[in-house]
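# A closer look at the structure
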Amino acid sequence: MVDRTEPKPTHPAASRRAFLKAGLMGGAAVAASAGVARAAGDPLITEIQDWNRYLGDGVDVSPYGTPSEFEANVVRRNVPWLTADPVSSINFTPLHELDGIITPNGLCFERHHGGAAVIDPADHRLMINGLVDTPLVFTMEDLKRFPRENRLYFLECAANGGMEWKGSQLNGCQFTHGMIHCVVYTGVPLRYLLEEAGVKTNGKWLLAEGADASAMTRSIPMEKALDDCLVAFKMNGEALRTEQGYPLRLCVPGWEGNMWVKWLRRLEVGDEPWAQREETSKYTDLLADGKARRHTFVMDVKSVITSPSPQAPVTHGKGPLVISGLAWSGNGTIKRVDVTIDGGRTWQTARIDGPSLPKALHRFYLDINWDGSEMLLQSRAIDDQGLVQPTKNALRAARGGNSIYHNNGIQTWHVNNDGVVENVEVS
Amino acid sequence: MLKFPKSAAFAALAFAVFASPALADGDVAAGEKVFKKCSACHTVGEGARHRVGPELNELFGREAGSAEGYKYSKAMIEAGDGGLVWDAESLTEFLTKPKDMIKGTKMAFAGLKKQEELANILAYLKTFSAAQAAEAGSVVEEQPVETAAAETVEPAAEPETMVVEASKGAFGLGRVAMPAEIVAWDIDIRPDGTGLPEGKGTVAEGDPIYAENCAVCHGDFGEGAGRWPVLAGGQGTLLKDRPVKTIGSYWPYLSTVFDYVRRAMPFGDARSLSDDDVYALTAYLLYLNDIVDDETFELSKQNFTSVRLPNEGNFIPDDRLSEPHYAKGLEPCMSECKPGPVKITARAQIIDVTPDVEGDDANAGGGID
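Keep in mind that this is a model prediction, so the values were computed, not measured. (Residues numbered from 1 in each chain as written. Chains lettered and ligands numbered in written order. Predicted model: local features only at pLDDT ≥ 70, side-chain atom pairs only at ≥ 80, totals over all residues. Heavy atoms only, no water.)

## Quick notes on the domain arrangement of chain A
Reports often express the size of an interface as the amount of accessible area lost when the parts come together. Residue and element names in this part refer to chain A. Rules: Each domain's extent is set by a domain assignment, obtained either automatically or from a database. Contact between two residues is taken to exist if any of their heavy atoms lie within 4.5 Å; hydrogens are not considered. Accessible area, probed at 1.4 Å, shrinks when two parts are joined; the buried area is that loss added up over both. Each salt bridge in this description consists of a side-chain nitrogen of Lys or Arg and a carboxyl oxygen of Asp or Glu lying within 4 Å of one another.
Along its sequence, chain A is organised into domain 1 (95–293) and domain 2 (302–424). On a C-alpha basis, the centres of domain 1 and domain 2 stand 27 Å from each other. Contact with domain 1, which involves 44 residues of that partner, is made by 40 residues of domain 2. Summing the contributions of domain 1 and of domain 2, the shared interface buries around 3500 Å²; its carbon and sulfur component is 54%. Among the residues of domain 1 in contact with domain 2, Ile101, Trp165 and His177 are the three that bury the most area, contributing 23% of the side total. Summed over the shared surface of domain 1 and domain 2, the number is 3 salt bridges. Asp228 is paired through a salt bridge with Lys359; the nearest N and O atoms lie 2.9 Å apart.

## Re the environment of Arg271 of chain B
Operational definition: Numbered from the N terminus, helices here are DSSP runs of H or I no shorter than four residues, and strands are runs of E no shorter than two.
Here Arg271 of chain B is to be found in the loop between helix H12 (254–264) and helix H13 (275–288). Along the primary structure Arg271 of chain B and Ala29 of chain B are separated by 242 residues, whereas in three dimensions their C-alpha atoms are 27 Å apart. Ignoring anything within four residues of it in the chain, the contact list for Arg271 of chain B reads Arg265 of chain A together with Ala184, Ile187, Arg262, Arg263 and Met265 of chain B.

## Focus on the sheet that holds strand S5 (residues 136–139) of chain A
Worth spelling out the cut-off: When DSSP locates at least two bridges between a pair of strands, those strands are taken to pair.
Read from one edge of the open sheet, 6 strands run S9(A)-S8(A)-S13(A)-S4(A)-S5(A)-S3(B), paired in mixed fashion. Edge strands, defined here as strands with exactly one partner in the open sheet, are strand S9 (217–221) of chain A together with strand S3 (175–176) of chain B.

## So, the domain arrangement of chain B
Residues and elements named next belong to chain B. Basically, it comes down to this: Here a polar contact is recorded for every N or O atom pair within 3.5 Å, except that within protein the pair must consist of a potential hydrogen donor and a potential acceptor, and residues adjacent in sequence are included only if both atoms are side-chain atoms. Note on residue categories: nonpolar means Ala, Val, Leu, Ile, Met, Phe, Trp, Tyr, Cys or Pro, charged means Asp, Glu, Lys or Arg, and polar means any other residue, Gly included.
Along its sequence, chain B is carved into domain 1 (28–153) and domain 2 (200–314). With centres defined by C-alpha atoms, the gap from domain 1 to domain 2 works out at 31 Å. Across the interface of domain 1 and domain 2, roughly 720 Å² is buried in total on both sides, 61% from carbon and sulfur atoms. Across the contact surface, domain 1 and domain 2 share 1 residue pair in polar contact (both at pLDDT 80 or more). Within the side of domain 1 that touches domain 2, the residues separate by chemical class into 5 nonpolar, no polar and 2 charged.

## Here we look at the interface of chain B and chain A
Taken together, the contact between chain B and chain A spans 90 residues of the former and 112 residues of the latter. In total, about 8600 Å² of surface goes out of reach between chain B and chain A, with carbon and sulfur atoms giving 55% of it. One salt bridge connects Arg190 of chain B with Asp271 of chain A, and the closest N-O pair in it is separated by 2.8 Å. The tally of links between chain B and chain A comes to 48 residue pairs in polar contact (both at pLDDT 80 or more). For the side of chain B that touches chain A, the secondary structure elements donating two or more residues are S3, helix H9 (179–185), H12, strand S6 (315–316) and strand S7 (344–347) of chain B. It is H12 of chain B that contributes the most residues to the side of chain B that touches chain A, 5 residues altogether.

## Brief notes about the state of the cysteines
Defined simply, a disulfide is a covalent bond joining two cysteines at their sulfur atoms. All names here are of chain B. The criterion, for reference: Two cysteine sulfur atoms make up a disulfide if the distance between them is within 2.5 Å. Any residue under 20% of the maximum accessible area for its type is buried, any over 50% is exposed, and the rest in between are partly exposed; the area is computed with a 1.4 Å probe on protein chains only.
Summed over the entire model, instances satisfying the criterion amount to 1 disulfide over all chains. This cysteine, Cys38, is not joined by any disulfide, and Cys41 carries the nearest cysteine sulfur, 8.6 Å off. Under the relative-accessibility criterion, Cys38 is labelled buried at 16%. Between Cys41, a free cysteine, and Cys217, which holds the nearest cysteine sulfur, the sulfur-to-sulfur gap is 5.8 Å. Judged by its relative accessible area of 22%, Cys41 is partly exposed.

Now the structure itself:
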């Protein structure tokens, strides 16, 4: 059902390992491993392994390193039926395989509307025009001479979970929640660039535009632009990836991912919003009464258990189990995450581990002793504004089933006695 | 005052075009990149199938308009019947300006302007036409392509020197944007008509432009071919289980139609339409949406803002925080939160559409929009 294909074993020892692992997965984990040890000792220990005798690769083999071959399953995936074409489409971050709060660059989900543009930084320009004292053009070299900042931010597509509005559809948190990533950006505060051009007093809105084949545009209130927006050229220390807008993207912390315009080439100052396609036809939230909310910029308080989850079942049987997940809020930091294993009758407060930074992912853990009985797992985040993550039913009661965007409802995973996990909804 | 040096790269490129016979040695890897310009509509290689355009395997030596199971335009079929066989020469001509070579082709693609790109795409496509590769290669070497070369020489777009003024801001970084540059990029239009260019077009004029450039994806009546976006209809569906959100049923402003079509359509060939074309197409989309019913209706800069879309009044500000679950001071329940044991009310398996699962995708619901 779920793709858990092991990478092809290349060493004899690796297949022994796979054999052992299969044995462990059979159920009586402790007994099995103890049994092997009693008989002859674990051959992985008693026999000298190839990697312990023969030399590995030299330092010239991979000038740019890639993940271990045993991690071949940790990849972005797309859902072919969602869109007519993979050029204007989406793929998803494999959240179930990751830990901590930083998303590796190559695993950050992709959403673009005209394919990933390929632009030589020498050919890239950023223009500021409109209601400014002096319209300006910057090269990448110019931009790298402004003072920089480093900030960790999540970026979530407003449509993350959009397929789940009408009910559980997709079996895997990669698909239900994987339109999110969190990286450290290096860039210039947008404020500096706007000040360099001189914003006129009636300049209340900013239009950000991309250089790609969709010439993506979004209107952003000036207040936000001057607050914490960044014009970024690095992610996690290295240049932006092509699909993340190389050489330049806008960061609009805590707000809809679509506003973080990639291949950023122009910023126009105006006195009113522009009502572009991505803020009228799309990224507006249709309600049950036929009205539609617009300018729903902030990404709400939200969390999800990433493991166990449908693509990451419990394979070790009962006993110690790490329940691990992510929480975030476009308003600021996460104050608390609660976890339930009985579908929401009783809750325990989870442990947030690692940095707690505003508008960034937070990692939480609940370490339990699983008795092997069925579980209905949920997590519930509370942010520093005191906003509590709602249930899916509460959201549907307020908005109906056609909103597509801003689904931050509580996710339920059903874990059966064998540790198999399924995406469900509960009463 | 700063000066831009004359573009050395440009000079080198132009020289290369003159010096070498066209297409002699295209680069397959670079051609694979160029193919991205085609991949919205074509597939090639293992598992290739017809999409908006036909699959392109075994293209070299293939009669034009002959791929089985693909519905070509009449023009393409006639070209094939007239003896057109795809080889490096004919492909070069076609891909340089598809509509000049085959009038009436439904390939909505402006053409490849750079010699280098042409050479590379042909080298790439050739790798999927094993049998013909060697032969096709030799034909090309004797045939310099004049039209494209002539186009490449024009250096007008790149003036030798461009006089620029430095920024007067606190950092003194960047330079003052020139009026021509702002005009080139600032094409956005607001609901109040700010930004509209001069121009006009009628419903009747829009019809053939739509048929030629848009219908292949969006359907003859804007109903959407396959999963490509629907552009018309859907009035009265916003309260239904599966609302159909179109220009007529959902969009608040007509300015968005003009702005978006001009900046991003046709998909894969953006910015290829004239302003008059876009006025005509916008008028035609109004017609498809039953907002105007007169084929002689002319949309222009002058009357643009007098047209209002029916759903304009139904957009409201963000009032999420007024929803009951966000009420202030809500203390989340920690124990005895639900009366009895919790029941499962829905399972993903029932409508399991997870990728990597065998089965039929067609009944999948929802979407990312």
